[in-house]
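Now for the letters of each chain:
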Amino acid sequence: FAIKSGLMTITANLSYPANSTGVRGLAIAINAGTFIARKIENAVPSPSIQHMQISRTWPMVAGDYFRVFGAQDSGGTLTTEVENAVTPEVTIFYQ
């Protein structure tokens, strides 16, 4: 959450396993759910892992918080891929 007011750049990375059905999504929301960044992509054919990244610079007020959402609709359970220091990951920079 924001410890001081000012511009903040939030970047989120998420990877989905190989599955060629449906779409994949990644989003950033501020406070009670105002979406400030959203990305939706068609699934990539197997055997490729689908890497997604979004980034947004936003004027935060001290006490604001953000949430990152990932979603998919392949018709089954897809556990996100984990790669140390790469995904899933969120970075925050004050301007």
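Data block above holds the structure.
Here the residue numbering is sequential within each chain, running from 1 through the sequence in written order. The predicted origin of the model limits local features to residues at a pLDDT of at least 70 and limits the giving and counting of side-chain atom pairs to 80 or more, whereas totals for whole chains, interfaces and linings rest on all residues. Water and hydrogen atoms play no part in the side-chain values, which are based on all heavy atoms of the structure.

> Sorry, what's going on with the overall build of the chain here?
Here a strand is any run of E in DSSP of at least two residues, a helix any run of H or I of at least four, and the numbering for each starts at the N terminus. Looking only at helices and strands, the chain has 0 helices and 6 strands in total. Of the regular secondary structure in the chain, the N- to C-terminal order runs β-β-β-β-β-β. Overall, the chain is about 45 × 25 × 15 Å in size when its C-alpha atoms are taken along their principal axes. The cut-offs for exposure are 20% and 50% of the maximum accessible area for each residue type, with area from a 1.4 Å probe on protein chains only; residues under the lower value are buried, those over the upper are exposed, and the others partly exposed. Counting only residues that meet the buried cut, the chain has 32% of its 95 residues in that class. For the chain, restricting intrachain contacts to residue pairs at least 6 apart in sequence, the fraction spanning at least 24 positions comes to 75%. By element, 55% of the accessible surface of the chain is carried by carbon and sulfur atoms, the whole surface being about 5600 Å². In this tally Asp and Glu are treated as negative and Lys and Arg as positive; neither His nor the chain ends contributes. The location of each charge is read from NZ of Lys, CZ of Arg, CG of Asp or CD of Glu. The average position of the 6 basic charges and that of the 6 acidic charges among the side chains of the chain differ by 10 Å. For this analysis, residues touch if any pair of their heavy atoms sits within 4.5 Å. With residues, only the protein chains shown are counted as cover, and all accessible areas are computed by Shrake-Rupley using a 1.4 Å probe.

> When you look at the packing of aromatic side chains in this model, what are you seeing that I'm missing?
Pairs of aromatic rings are described using the distance from one ring centre to the other and the angle between the two planes. Ring pairs shown here join Phe, Tyr and Trp side chains whose ring centres sit within 6.5 Å, with only the six-membered ring taken for Trp; geometry is labelled stacked below 30 degrees between planes, edge-to-face above 60, and tilted in between. In the structure shown here, the tally under the stated rule is 1 aromatic pair. Ring centres of phenylalanine 35 and phenylalanine 69 lie 5.6 Å apart, and the angle between their planes is 50°; this geometry places the pair in the tilted category. Here the residue phenylalanine 35 occupies a position in strand β3 (residues 34-42), and phenylalanine 69 occupies one in strand β5 (residues 66-72), the gap between them amounting to 34 residues. Classification of phenylalanine 69 by relative accessible area gives partly exposed; the value is 35%. In this analysis the charged atom, NZ for Lys or CZ for Arg, is taken to sit over a ring once it is within 6 Å of the ring centre and within 35 degrees of the ring normal. Here the basic side chain of arginine 38 rests over the ring of phenylalanine 35, its NZ or CZ set 4.7 Å away from the ring centre.

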